[in-house]
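This is what each chain is made of:
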Amino acid sequence: MTAEAQLATSKSEDKMIRLVGVNKWYDKFHVLKDINLEVAKGERIVVCGPSGSGKSTMIRCINRLEEHQKGQIIVDGIELTSDLRNIETIRKEVGMVFQHFNLFPHLTVLENCVLAPMWVRKTPRKEAEATAMSYLEKVKIPDQAKKYPGQLSGGQQQRVAIARSLCMNPRIMLFDEPTSALDPEMIKEVLDTMISLAESGMTMMCVTHEMGFAKTVADRVIFMDRGQIVESNAPHEFFNNPQNERTQLFLSQILNH
Amino acid sequence: MSQHFVPLPDLPPPGNSVGPVAWLRSNLFSGWLNTSLTVVAIYILATTLPPLINWLFISADWVGEGKEACDSGGACWVFVANRWDIFIYGFYPKDQTWRVDLIFAALFVLTAPLFFKQLPGKLYLGGFILFIYPLIAFLLMRGGVFGLEPVETAKWGGFTLTLLLAGVGCIAALPLGVLLALGRQATNMPVVKGMCVLFIEFWRGVPLITVLFMSSVMLPLFLPEGVNFDKLLRALIGITLFQSAYMAEVVRGGLQAIPKGQYEAADALGLGYWRKYGLIVLPQALKIVIPGIVNTFIALFKDTTLVIIVGLLELLGMVKASLGDPAWPDVSREGYVFAAFMFWIFCFAMSRYSQWLERKLHTGHKR
């Protein structure tokens, strides 16, 4: 850990995620511009914005699925560098749910859930299975445990994906458009799962277009456009009294269709 | 007022659309083209099949001592029966062939349980077959330990040698091919990637016959005086390296078919490189390329016949060598038919096994 990172950690013990002047380029395309963001323990952040605004890229930087080229990202007191041990430590503590679920199709639901705890955390199988079943019950699909992902509906698969992440007992959960690939009827069951997770006090960052979810769950809503954070505010303020012109335009377009 | 729904009764299909007559009409005589093709096919079968069956079975000679027993005009299977030991065991000492039998019997007994689904310790059994068994089999073949009479590799031959070359080639080339494929994918390690590409492209660029020839003729020239390592071993190494290059490309095809999301999900769970590939990517990738892998195995099985170029006599080599025997003139057809039959049986079995494996590993829809 660099001296700077240590300083940053000591300054803000309660911050789970800190992004300081983060910049990222895809080749020459400047996708993240000077992102500064702090997420406190137990805070629930919703990130919205037009497509191509860099919101997915930003949360994917937090568990190093994407690499940032400038600035600091400090997760749970550990700075993300190219040090593989740091990356693996952080990934253990950060769960992620993807737009396309990304369950492992060659393993059953239960095997999907126990795989990482058994291989990464070295939890004994019996214990891992008990934990997995308790999470599958929380997402309300314990009876599908022996099935393969291909036999489940999209909504069920996404709930399994959430359970799979929770089995690692993460301190932070990242959601990358978790309901965008779902049929309208299935969105609710996934959102309900996420709401109950939020109620349990999990630190969450969620990229989504579900404004209803943002209103009910978020502590803070962040609006991004063209690689920068345009506005960040509590949901009530954000929706009723947006400060930036760009935010006003965005909200008028998504709320009035 | 709403209408009441009354389902219509189920009726049997019309008589002219089911049954053997309907099948014949729709499949063999559906139009003038189909009908004429059917007639031509029947004519060809009728003219070639009876004489073939007659030669192969009906007027063939099955028992006897020498060429004199073959006087009925059909196939002389007496030749094959008489040379059976040579075809199967090569020049392996007659009183020691039980060792070869034991090796194959053990392989059969060991692999049989793998075909049953629920069996504890299958993984250990598989590991034993892959890593320990070959060692035991090798010691048993070569002798010189446990009071077994040593048998030098120059005496190994016939179908035993075919299976040995193909078996070692397949088992050793698969892990090597997987590593090469992974290396070729490692874009963040340019040196490793470059070496793997170089290796694969080199070995794919040369014919196997050249590889064998080089290993047996050229290699000794570069070795210091007195160093002489076994001809069979050199052929085996050549075949394995050659095969691994092909295997690498087959496996790479499978790796490319795995969606990026699978890699990301494994990364996000913190699995790390080897677990990501070992637990998530390779099981799926190898399943996709089972047909390609078995295709390579079958090709190798038949390519083993090329070792005749370096003086190793596998099944076909033994058959060819036996054809020169003045005591057995004019039996080349029987010899080649027998060799073809043996190869076909084994290749066909491999093909069926791969189909069975694909069905067994199918877990519903992708993703």
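Before reading on, note that the structure itself is shown above.
Residues numbered from 1 in each chain as written. Chains lettered and ligands numbered in written order. Predicted model: local features only at pLDDT ≥ 70, side-chain atom pairs only at ≥ 80, totals over all residues. Heavy atoms only, no water.

A. View of the packing of aromatic side chains. As enumerated under the stated definition, the model contains 21 aromatic pairs over all chains in all. Three or more aromatic residues joined by ring pairs make a cluster, and in this case those are F79(B), W84(B), F87(B), W328(B) and F338(B). Directly above the aromatic system of F104(A) lies the positively charged group of R164(A), at a separation of 4.5 Å from the ring centroid. Residue placement shows K215(A) over the ring face of F239(A); its charged tip is 5.0 Å from the ring centre. (Phe/Tyr/Trp six-rings, centres within 6.5 Å; stacked < 30°, edge-to-face > 60°. Lys NZ or Arg CZ within 6 Å of the ring centre and 35° of its normal.)

B. Region of the structure containing helix α5 (residues 125-138) of chain A. Residue and element names in this part refer to chain A. Taking 1.5 Å per residue as the helical rise, α5 with its 14 residues ought to reach 20 Å, and the 20 Å between its terminal C-alpha atoms agrees with that figure. All buried positions along α5 are accounted for by A128, A132, Y135 and L136. Buried residues of α5, viewed axially, fall in a sector of 100°; they line one side. For α5, the exposed residues set more than 90 degrees away from the buried face come down to K126, E137 and K138. Lining the buried residues of α5 we find α4 (109-119) and α6 (154-166). Where α5 ends, the next residue or the one after it, K140, has phi of about 65°, a positive value. (Helix = DSSP H or I, 4+ residues; strand = E, 2+ residues; numbered from the N terminus. Expected span 1.5 Å × (residues − 1). Buried < 20%, exposed > 50% of the residue type's maximum accessible area, 1.4 Å probe, protein only. Arc of directions from axis to C-beta. Contact = heavy atoms within 4.5 Å.)

C. Local environment of the nonpolar core. Core analysis: the largest hydrophobic core is formed by 122 residues, its most contacted members being L19(A), M58(A), M205(A), L255(B) and L315(B). Looking at this core, the element that brings in the most residues is helix α9 (residues 231-257) of chain B, giving eleven residues. In this structure, L166(A), F213(A), A214(A) and L251(A) belong to the second largest nonpolar core, which totals 47 residues. (Core = buried A, V, L, I, M, F, W, Y, C linked by side-chain atoms within 4.5 Å.)

D. Broad picture of unusual backbone geometry. All names here are of chain A. Despite not being glycine, N102 has its phi angle at roughly 55°, a positive value. Note on placement: N102 falls in the loop between β6 (94-97) and α4. The phi torsion at R226 lies on the positive side, around 50°, for a residue other than glycine. Here R226 lies in the loop between β9 (220-225) and β10 (228-233). R226 sits in the exposed class, given a relative accessible area of 63%.

E. A look at empty space enclosed by the protein. This structure, assessed with the given rule, holds two cavities of 30 Å³ or more. Taken as a whole, the largest cavity spans an internal volume of roughly 60 Å³. R91(A), K92(A), V94(A), G95(A), M96(A), F98(A), R164(A), S165(A), M168(A), A265(B), A268(B) and L269(B) are the residues that line the largest cavity. For the lining of the largest cavity, the elements supplying multiple residues, two or more each, are α3 (84-93), β6 and α6 of chain A together with α10 (260-268) of chain B. If one sorts the elements of the lining of the largest cavity by residue count, β6(A) sits on top with three residues. Every residue along the wall of the second largest cavity is listed here: R44(A), I45(A), V46(A), M204(A), C206(A), F213(A), V217(A) and A218(A). Elements with a contribution of two residues or more to the lining of the second largest cavity: β3 (44-48), β8 (203-207) and α8 (211-217) of chain A. Ranked by residues supplied to the lining of the second largest cavity, first place goes to β3(A) with three residues. Split into classes, the residues belonging to the lining of the second largest cavity amount to seven nonpolar, no polar and one charged. (1 Å grid on protein atoms, 1.4 Å probe; cavity = no way out; pocket = protein on both sides within 12 Å on 5 of 7 lines; lining within 4 Å. Points joined across faces, edges and corners; volume = space filled by probe spheres on them. Nonpolar A, V, L, I, M, F, W, Y, C, P; charged D, E, K, R; others polar.)

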